[in-house]
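A closer look at the structure
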Number of protein chains: 2
Amino acid sequence: MAKKKLVYFFGGNTAEGSGSMKTILGGKGAGLAEMVKIGLPVPAGFTITVDACEDYYRFGKKFPAGMEAEVKQHLARLEKAAGKKLGDAKDPLLVSVRSGAARSMPGMMETILNLGLNDATVEGLAAKTGNPRFAYDAYRRFIQMYSTTAMGLSKEPMEHMLAEMKKKLGVKTDPEIPAEGLKELCREFKAFYSKNKNGQAFPQDPMEQLWGSIKAVFGSWMADKAVTYRRVEKISDLKGTAVNIVQMVFGNLGDSSGTGVCFTRDPNSGQNVFYGDYLINAQGEDVVAGIRTPLKLSEMERQMPAAYRQLCEVRKTLEKHYQEMQDLEFTVQEQKLYMLQCRTGKRSPAATFRIAVDMVKEGLITKEQAISRIAPEDIERLFYPVIDPKLDRKTLSDKKIASGINAVPGAAAGEVVFTAAEAEALAAKGKKVILVRKETSPEDVGGMHAAQGILTATGGKTSHAAVVARGWGKCCVVGCEALDINYGTKLMVIGSKTIKQGDFITLDGSAGDVFIGELPLKKPELPESYNVLMGWCDQIRRLRVRTNADTPYDSENAVRMGAEGIGLCRTEHMFFDTEARRLAIQEMIVADDAANRKKALAKLLPFQRDDFAGIFRAMNGKPVTIRLIDPPLHEFTPKDDAGVAKLAQITGLSAEHIRHRCEQLHEANPMLGHRGCRLCITYPEILEMQVTAIIEAAIQCVKEGVKVLPEIMIPLTIDRKELAILELATRKVADVLIARAGVKLSYMVGTMIEIPRAALLADQIAEVAEFFSFGTNDLTQMTLGLSRDDAGRFLPFYVDEKKAGIFRDDPFQSLDQSGVGMLVKMGIEKGRSTRKDLKVGICGEHGGEAKSVKFCHRVGMNYVSCSPYRVPIARLAAAQAVIEDKTAGKASKAKSAKKAAKPKVKAKAKAKPKKPARKAKKGKK
Amino acid sequence: MAKKKLVYFFGGNTAEGSGSMKTILGGKGAGLAEMVKIGLPVPAGFTITVDACEDYYRFGKKFPAGMEAEVKQHLARLEKAAGKKLGDAKDPLLVSVRSGAARSMPGMMETILNLGLNDATVEGLAAKTGNPRFAYDAYRRFIQMYSTTAMGLSKEPMEHMLAEMKKKLGVKTDPEIPAEGLKELCREFKAFYSKNKNGQAFPQDPMEQLWGSIKAVFGSWMADKAVTYRRVEKISDLKGTAVNIVQMVFGNLGDSSGTGVCFTRDPNSGQNVFYGDYLINAQGEDVVAGIRTPLKLSEMERQMPAAYRQLCEVRKTLEKHYQEMQDLEFTVQEQKLYMLQCRTGKRSPAATFRIAVDMVKEGLITKEQAISRIAPEDIERLFYPVIDPKLDRKTLSDKKIASGINAVPGAAAGEVVFTAAEAEALAAKGKKVILVRKETSPEDVGGMHAAQGILTATGGKTSHAAVVARGWGKCCVVGCEALDINYGTKLMVIGSKTIKQGDFITLDGSAGDVFIGELPLKKPELPESYNVLMGWCDQIRRLRVRTNADTPYDSENAVRMGAEGIGLCRTEHMFFDTEARRLAIQEMIVADDAANRKKALAKLLPFQRDDFAGIFRAMNGKPVTIRLIDPPLHEFTPKDDAGVAKLAQITGLSAEHIRHRCEQLHEANPMLGHRGCRLCITYPEILEMQVTAIIEAAIQCVKEGVKVLPEIMIPLTIDRKELAILELATRKVADVLIARAGVKLSYMVGTMIEIPRAALLADQIAEVAEFFSFGTNDLTQMTLGLSRDDAGRFLPFYVDEKKAGIFRDDPFQSLDQSGVGMLVKMGIEKGRSTRKDLKVGICGEHGGEAKSVKFCHRVGMNYVSCSPYRVPIARLAAAQAVIEDKTAGKASKAKSAKKAAKPKVKAKAKAKPKKPARKAKKGKK
């Protein structure tokens, strides 16, 4: 095996590395190398690779073989390029030693500046620059940094000595300390060092300083804060940090020097203006430290016109080169500009869209590139209100009282209420409320809708609360286990804090945090570029995007978000809207026979018909998939004595009888119980009522001139015959109604595929179903044997890299492509084997998650359906999937063109060119 | 289309039909035809086919076209064969008209005898036989039968007239009525007929009588009682009944005539003796009616030696011909023997084995044929006690108070108790008890074991109660929904009956019936032939048969039943055995951290180690698969205040804290919750304790000289990495212990495949698992999305042919081969694709169900595992599977030999013969 190169040089006009080598050189090292390559002014230096760091840990914190020799060799090269030598008492080379992983981990790792100074070289520097104050300031900074960062001494004592010095000298700021004072400080610092290092003197040998600093940077990779950061940010693909050793340039050599950080465009608005801060006569850390107030970059044009012009050129060059907005660091040393860093700049969601769209207009990038650059989070953050970002961190952390699972992003503030009824009542009075529940049930839907946000003590991202709230884009935090709620006393206790009904709290649904009090919120505005870019997405995507919506209101909202139809209309949510509806469904449930059930269902019919008509009107011309009743009946039973009493009054049954009937409905595992189409198999009258409501509503709309495309969907199918029975029952009802009305109305009948058996036997089922809609929520639960309501206790172990780390993603958030995905793929292929034109979609929560949407594209679905607020994410992901297809196609073509593979029967591309040859042979015979 | 033949003749030495045409001619018609063919004495006649009956109903109760002509034509043929004519006033032909479907439906359908008699022919018959009494008796019987059966008059009035006649004449029995009395009765009957038929006279035209009788037989096919019978017996493959019109022969023509029914061997013991009853001077119906006591067949040798010898010849001929024990009907008319019916004889389970084994010894059949003839029910009925079959029907139906689901066959009687503790206490005092519960939980296991039988109000055939009871072969009735149990008052109410603790009840687990009082039971004895036949099964089967057993007692029992190892030892059942164990597991559950959990687990370790050692000793030399803890922890929590108090005392925790912790364990869908290996992922110390107990027990046994083959099985796996983590943890513990002990001990680590994802990704999982055991109980629940605890509400609709009839079998009883089976097949194939020698078994309830066992054989499993009492069924089914394989192989060979199919790439058999030809070609080149 060839020896790995562990050190890469850059300087002058050449660099051994390049911008594409981030995984080897880290982000900073790659950026520096690339800037050198394209001719930008960069101080010379070299980068020790990420591999070296990885090996350092692999070999028990020892430098890998050969690294030291390579460093020395490259140091010599650097000395030659700089025209200075490390440790030269006359004119010493000074270097910075900086960390730099492949991805930015801001503030997590260490930097040491001014390395090369010692008692001798500091004097040389003072002489050479004619600025002893500068030299001793650099030296005292180096001693501080090296002692704490490389040698582990604590920071406070030296900060204290610095403060004491200022007190002694009667000055207020560091720059006021004269050279002598700094010199004295250097002595004190060295004495402190020696005292705390068993009498060892502060290292004077620059090489010793260098090795110590490299070790310090390597060491910072595994420091607690960095490890925690990577865990929190779910960064698992990094192997270590590179180390960049770069010749020091100084922005603090007087008024012709300075230092700054800038973005090539405004990272907040995205506007194409040069944006940044700088300080005259300062080192980089001063900009960050915030002791002096930095100036706007526009000032620089006046103060240092030459350097500024040069910087503007750099800006242009870099944007053209990277075709991306860049985040830059620079230093001007006595009029001369040096670039110290460049990387892709972070930006606000609005800026993300504006920059992408602008760059297309400017001809810098293609539409495909623009689309590829948008992340799903960019869209989410564009829509949801946030806690005002100007609020200071301290206030935030003081007010934070608990954390839960971040179910629906956005922020919300309001008074705490503990029941849905109170939420509705207070909201009706114009109050903002947060509904706090142990868990929510379908009966709470009214109150949930009335509330600003929802907080529950239990449940995960696909619990009832989360799913319903997501449908409305309503801020929701679930599984907040610290909550101890007492409905009786209308109190909740969190640790030592007690919060009573009416107290204000604020939720951050993006982070999953709960704050006491009413924090200021900010609602972002939708930039015009958003519409432009989404329009491009719509042009290129192949997947249709529908929405899950149960009301005309949701439907209209979803159309505004770009929905092209309804993929899932849950009819049972309609049963909770008013007391009359609730009572009717309850009456149906307690009925003893089909006749009484029919009587109760007849009361529900007009409600459902009106709902459907409203939805059809809202979706005029767009398909509407309506799912027949799905949840087990016990979800609808009265939950308290008053409810039982009311039902007893209406039905004339005894309260005891009603309670008994409700108890009978209890199930050990309701997820696997009497629900979905099983209800229609045992109670066909439910199907009859629902189909009647759908078709009558459709007929009414057709008469009004609305274009209606109803798709009746039967849930929880497991067998062809089961579906055939219900399909026949559906058509029997529908066809009679249509014939009687004498209108032209066509409808489809299809099924959910949400139980493994349905996917396995999809070829048989497709003989009866005109369409499939994969219900991947339930399919995930059953394929993995995982109840989403209960998984909170152990799924975190499965997803957490630090624990078992079995799954990369929570399978309820991002489709388990290898397991559930195999069933989906099989289901589609089998289904289309018996019905070529089978329409296939997905209506689980995954339909709005980018990775899952791309999967749906790849397996050939016709559409995805998701909650209205996720429609734009799906549109984006669907477009990105097409682009990724093309890229993959090109890549594999390129690959197969290169590869001189043996001819295989299956290799189409290979087999084809042979045909003529064979024919020729035949001809010869 | 060629016209269907609707009528088949038999008589003399020829028959148009044959014994193999049961579906066309019905059982009786086929039997008659076959007997004619092999030269036995049968009166001539003809059979109207089942198809004709089917068409009759298809065409709205009209005879199919051509049938009448065919009947007339065959009647003429019969008249010729008989030498008599229907309606001939001098010497009339008389016929019987009998039903006969393809399968016997005893007593369900109609028969009319003596057809052809009218006011004229009766005189001819009287003159011809010189026996007017005989003639008028025949005539009055015919009028009765025709009037009631064909014409729908009620039976009572004519029976009453008969009784009045006897009163008037001062005689007691029918035979005492003289000719004149019978003649008078005929007149009265005809008058009664006319009066009830709007003045129509009783039909005198024999053809009219014939058509009426045929219609009557066709009509009886759809009579309520026949329809109900078919539904109850799950007969769904019959299309109708045939009609047999046969010349009458008379056993009541004096002392040289007689009639009888017999079996070619003793149907109770199976002994090879001629067995039956007969009556001198009687018609067939007299034997059945039971007015006269029939004689043993052995008497006949003395009374009618010639006919008897002839009958013995017939017996021999038929057994040789059919190679089966036959059930015969015969009539002797004036010394001449006529065979009226022959069919395969019903027999007791013991006789089934004896006859099969004897026939092999006699060279009549092969061992394979003998094995194929045994049904799984034959074995079950051989082992379980039954309610004494001598008990009269009336008593039974009077005592029956409820019906439930027949979970475990057999019968049991005892005092009712409502708690497991009371069951244990009373059983300890030597009392027989029946444990009655709403449902059972693992805590009830002690009481269940102590009870004679178990009765629950809820649950299905795979509920906890059913599964546990089946393991012990203990009578169990579940899902008896009529029960209204009040644990507080120790009462249960069934309809209007109240049963209190201490009252006796009797259960029939085979039928699912519950009786009040203590009914007499009978325990069948195991015949020697059982062991012989099971030995043959063991010789030819390829599948190994293991057992599911959790205790040394069960293990020993299973070995006696023929188990070759343990396929599933459920370790958690051991946690309930004593209070000390229960408390230790509860202490583990309420522990707040790993240290306290370990402390509690340490208390369980010695118990588990002793249990495992006991099992290893019992299974010396046989493999033992031990499954790590499977159920969710809440199954172990204390269920009452006393339990909580006790646990509080031991742990020093507050009762409130314990209750809170137990509440926290509540799950919405425990089946899909925190259980199985998920417990060991979150609490690795559980796995450590269990593996320690297994391996320490194994080491101890090895030192004692016991041969130990432990297989450690990890349940509920869904991912390769998940299994890899636990496999590593297992080996880490085990290998250290083995190395420390310095013994030679090898063990295997494998997994359950019981979640769809595990089957889908079996190739990956097999990289880590040394064996797979398909847990088809859970796999069925998840693949079908069907909770076995809740399915009682709707699954009956799915299985019941009269309702939706979606499934042929309950998927929890017989493996759903098309759905779950597809996953099993896929799992095996994928698993063996990465690990060729993967050992594969099944340990769900299906492992003891014959059809499922055969499926396991076909998909190439290594073994099945089932409860001890089902081991013999599995052994039988495994042998039958091999035989069926051979038969199918022969059939397909024969088929492919016949078929001149086009050559296909995949058709091996076709491709092979071509090889030499190709070689020849090559040679020529």
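See above for the structure.
Let me sum up the structure you'll find in this document. Numbering of residues starts from 1 in each chain and follows the order in which that chain's sequence is written. Following the order in which they are written, the chains are lettered starting with A and the ligands numbered starting with 1. Residue-level local features of this predicted model are given only where pLDDT is at least 70; pairs of side-chain atoms are given and counted only at 80 or more, and the full residue set underlies all totals for whole chains, interfaces and linings. Where side-chain values are given, they derive from all heavy atoms of the structure, hydrogens and water being excluded.

A closer look at the overall build of chain A
The condition is simple: Strands here are runs of E lasting at least two residues and helices are runs of H or I lasting at least four, both read from the DSSP assignment and numbered beginning at the N terminus. Contacts: residue pairs with any heavy atoms within 4.5 Å of one another. Where accessible areas are quoted, they stem from the Shrake-Rupley method and a 1.4 Å probe; at the residue level, only the protein chains shown are allowed to cover. In this count, Lys and Arg are taken as positive residues and Asp and Glu as negative ones, while His and the chain termini are left out. Note on charges: their place is set at NZ of Lys, CZ of Arg, CG of Asp or CD of Glu.
Along the backbone of chain A there are 36 helices and 32 strands. Contacts in chain A between residues at least 24 apart in sequence constitute 68% of all its contacts with a sequence separation of at least 6. When the accessible area of chain A is evaluated, it comes to approximately 39,100 Å², of which 52% is carbon and sulfur surface. Mean positive and mean negative side-chain charge positions of chain A (139 and 110 charges, respectively) differ by 8 Å.

Observations regarding the relation of the copies chain B and chain A
Worth spelling out the cut-off: A least-squares superposition brings the copies together, and it is based on the C-alpha atoms of residues with pLDDT no lower than 70 in both.
For the pair chain B and chain A, the best superposition has an RMSD of 0.4 Å and corresponds to a rotation of 180 degrees with a translation of 0.0 Å parallel to the axis. The relationship between the two copies is best expressed as a two-fold rotation axis. Of the residues that chain B buries at the interface, 100% are likewise interface residues in chain A, meaning the two copies contact each other through the same surface.

Topic: the side chain of Asn252(A)
Relative to the helices and strands, Asn252(A) resides in the loop between strand E6 (242-247) and strand E7 (258-263). Non-local contacts of Asn252(A), meaning those with residues more than four positions away in its chain, are made with Phe134(A), Ser257(A), Asn281(A), Ala282(A) and Gln283(A).

Side note on helix H6 (residues 156-169) of chain A
Residues and elements named next belong to chain A. Worth spelling out the cut-off: A helix's residues, less one, multiplied by 1.5 Å, set its expected span. The classification of residues rests on relative accessible area computed with a 1.4 Å probe and restricted to protein chains. Under 20% of the type maximum is buried, over 50% is exposed, and intermediate values are partly exposed. The reported arc concerns the directions from the helix axis to the C-beta atoms and nothing else.
Helix length check: H6, at 14 residues, gives a terminal C-alpha distance of 20 Å against a target of 20 Å (1.5 Å per residue), a fit within 8%. All of the buried residues in H6 are Met 158, Met 161, Leu 162, Met 165 and Lys 166. The buried residues of H6 occupy an angular sector of 140 degrees when projected down its axis, which confines them to one face. Residues of H6 that are exposed and angled more than 90 degrees away from the buried face: Glu 156 and Lys 167. Contacts made by the buried residues of H6 are with helix H5 (132-150) and helix H7 (179-196). Just downstream of H6, Gly 170 is the residue with a positive phi angle, here 70 degrees.

A look at the packing of H5(A) against H7(A)
Residue and element names in this part refer to chain A. The test is simple: The axes are straight lines fitted to the C-alpha atoms, using for helices just the contacting stretch, and the angles between their N-to-C directions are given from 0 to 180°. Just so you know how the angles are binned, under 35 degrees is roughly parallel, over 145 roughly antiparallel, 65 to 115 roughly perpendicular, and the rest oblique. In a left-handed crossing the near helix is turned counterclockwise from the far helix by less than a right angle, and in a right-handed crossing that turn is clockwise.
One can describe the packing of H5 onto H7 by two numbers: an axis separation of 8 Å at closest approach and a directional angle of 20 degrees. With respect to H7, the axis of H5 lies roughly parallel. When the axes of H5 and H7 are compared, the crossing they make is left-handed. Only Ala 179, Leu 182, Lys 183, Cys 186, Phe 189, Lys 190 and Tyr 193 of H7 make contact with H5, whose side of the interface consists of Pro 132, Arg 133, Tyr 136, Asp 137, Tyr 139, Arg 140, Ile 143, Gln 144 and Ser 147.

Some thoughts on the pattern of salt bridges
Residue and element names in this part refer to chain A. Note the cut-off: Should a side-chain nitrogen of Lys or Arg be within 4 Å of a carboxyl oxygen of Asp or Glu, the pair is scored as a salt bridge.
Applying the stated criterion to the full structure yields 119 salt bridges over all chains. Lys 4 serves as the salt-bridge partner of Asp 55, at 3.4 Å between the closest nitrogen and oxygen. Here Asp 55 is found in helix H2 (residues 50-58), whereas its partner Lys 4 is found in the segment before strand E1 (7-11), with 51 residues between them in sequence. Judged by relative accessible area, which is 36%, Lys 4 ranks as partly exposed. Connected through salt bridges with shared partners, the residues Asp 137, Arg 140, Arg 141, Lys 166 and Asp 174 form a single ionic network.

A short note on the interface of chain B and chain A
A common way to state how big an interface is: give the accessible area lost once the parts meet. Here is the rule we go by: Computed with a 1.4 Å rolling probe, the buried area is the accessible surface lost when two parts are put together, summed over both parts. Note on residue categories: nonpolar means Ala, Val, Leu, Ile, Met, Phe, Trp, Tyr, Cys or Pro, charged means Asp, Glu, Lys or Arg, and polar means any other residue, Gly included.
At the junction of the two partners, chain B supplies 49 residues and chain A supplies 49 residues. Both sides of the chain B and chain A interface together cover about 4,300 Å² of buried area, and 62% of this is carbon and sulfur. On the chain B side of the interface with chain A, the three residues burying the most area are Leu672(B), Arg757(B) and Arg793(B), jointly 14% of the side's total. Taken together, the links from chain B to chain A amount to four salt bridges. Measuring nitrogen to oxygen at the nearest pair gives 3.5 Å for the salt bridge that ties Arg793(A) to Glu667(B). Split into classes, the residues belonging to the side of chain B that touches chain A amount to 25 nonpolar, 13 polar and eleven charged.

What about the pairing of strand E26 (residues 566-570) of chain A?
Residues and elements named next belong to chain A. Let me state the cut-off plainly: Paired strands, in this sense, are two strands between which DSSP finds at least two bridges.
For E26, the tally of buried residues reaches five of five residues, placing the bulk of the element in the interior. Pairing between strand E25 (residues 544-548) and E26: two bridges, direction parallel. Following the sheet pairing, Thr 547 is matched in E26 by Ile 566. Both E26 and strand E27 (residues 623-627) contribute to a ladder of three bridges, which runs parallel. Paired with Arg 570 across the strands is Arg 627, a residue of E27.

Focus on the sheet that holds strand E16 (residues 433-437) of chain B
All names here are of chain B. Spatially, the eight strands line up as an open sheet ordered E13-E23-E22-E15-E16-E17-E18-E14, and their pairing is mixed. Looking at which strands have only one partner, the edges of the open sheet turn out to be strand E13 (400-403) and strand E14 (405-408). With direction set aside, neighbouring strand axes in the sheet form an average angle of 30 degrees. Judged from the five bridges that link them, strand E15 (residues 411-417) and strand E22 (residues 504-508) form a sheet pairing that is antiparallel. Across the sheet, the residue bridging to Gly 414 is Ile 505, located in E22.

With respect to the environment of Met782(A)
By the element assignment, Met782(A) lies in helix H31 (residues 776-783). Residue classification places Met782(A) among the buried residues on the basis of a relative accessible area of 0%. Spatially, the C-alpha atom of Met782(A) lies 10.0 Å from that of Arg757(A), the residues being 25 residues apart in sequence. If we skip the residues at most four places from it in the chain, Met782(A) touches Met671(A), Leu672(A), Arg675(A), Glu754(A), Ile755(A), Pro756(A), Ile755(B), Pro756(B), Met782(B) and Gly785(B).

Some thoughts on the sheet that holds strand E3 (residues 45-48) of chain A
Here we have six strands laid out as an open sheet, ordered E2-E1-E3-E6-E4-E5 (chain A), and antiparallel in their pairing. In the strand order of this sheet, the two ends are held by strand E2 (14-15) and strand E5 (111-115) of chain A, each with one partner.

Focus: the packing of helix H4 (residues 121-129) of chain B against helix H5 (residues 132-150) of chain B
Residue and element names in this part refer to chain B. Running from N to C, H4 and H5 cross one another at 145 degrees; their axes reach a closest spacing of 7 Å. The handedness of the crossing between H4 and H5 comes out as right-handed. For the pair formed by H4 and H5, the contact residues are Val 122, Glu 123, Leu 125, Ala 126 and Thr 129 on the first element and Pro 132, Phe 134, Ala 135, Tyr 136 and Tyr 139 on the second. Looking at the contact of H4 with H5 residue by residue, the class counts come to eight nonpolar, one polar and one charged.

Some thoughts on the pairing of strand E15 (residues 411-417) of chain A
Residues and elements named next belong to chain A. Just so we agree on the cut-off: Note on handedness: a clockwise path from strand one over the helix to strand two, with the strands aimed away from the viewer, defines a right-handed crossover.
In terms of burial, E15 is largely enclosed, as seven of its seven residues are buried. Inspection of the sheet shows E15 paired to strand E16 (residues 433-437) by three bridges, in the parallel sense. Bridging from a neighbouring strand, Val 417 pairs with Leu 435 of E16. Crossover handedness for the path E15 to helix H17 (residues 420-428) to E16: right-handed.

Brief notes about the side chain of Thr751(B)
Residue and element names in this part refer to chain B. Applied cut-off: We define a polar contact as two N or O atoms separated by no more than 3.5 Å, with the added condition that, inside protein, one atom must be a possible hydrogen donor and the other a possible acceptor, whereas residues neighbouring each other in sequence contribute only through side-chain atom pairs.
Among the secondary structure elements, Thr 751 is positioned in strand E29 (residues 748-753). Within the structure, the side chain of Thr 751 is placed 2.7 Å from the backbone oxygen of Ile 714, a separation counted as a polar contact. Side chain to side chain, Thr 751 and Thr 717 meet in a polar contact 2.6 Å long. With sequence-adjacent residues up to four places away left out, Thr 751 is seen in contact with Met 713, Ile 714, Thr 717, Leu 723, Ile 765, Ala 769, Phe 771, Phe 772 and Ser 773.

Description of the packing of aromatic side chains
Under the convention used in this document: Planes of paired rings set the category: under 30 degrees apart is stacked, over 60 is edge-to-face and the rest tilted, where pairs are Phe, Tyr or Trp rings (Trp by its six-membered ring) whose centres lie within 6.5 Å.
Applying the stated rule across the entire model yields 40 aromatic pairs over all chains. Centre to centre, the rings of Tyr56(A) and Phe63(A) are 5.8 Å apart; their planes meet at 35 degrees, and the pair counts as tilted. By relative accessible area, Phe63(A) is classed as buried at 14%. Judged by centre distance (6.3 Å) and plane angle (85 degrees), the ring pair of Phe772(B) and Phe774(B) falls under edge-to-face. Judged by its relative accessible area of 0%, Phe772(B) falls in the buried class. Ring pairing ties together the aromatic residues Tyr56(A), Tyr57(A), Phe63(A), Trp211(A) and Phe218(A), which thus form one cluster.

Some words on the environment of Glu68(B)
Residues and elements named next belong to chain B. Tracing the sequence through the fold places Glu 68 in helix H3 (residues 67-82). By relative accessible area, which is 36% here, Glu 68 ends up partly exposed. Spatially, the C-alpha atoms of Glu 68 and Val 7 are 9.6 Å apart, while their sequence positions differ by 61 residues. With residues up to four places along the chain from it excluded, the contact list for Glu 68 reads Phe 63 and Trp 211.

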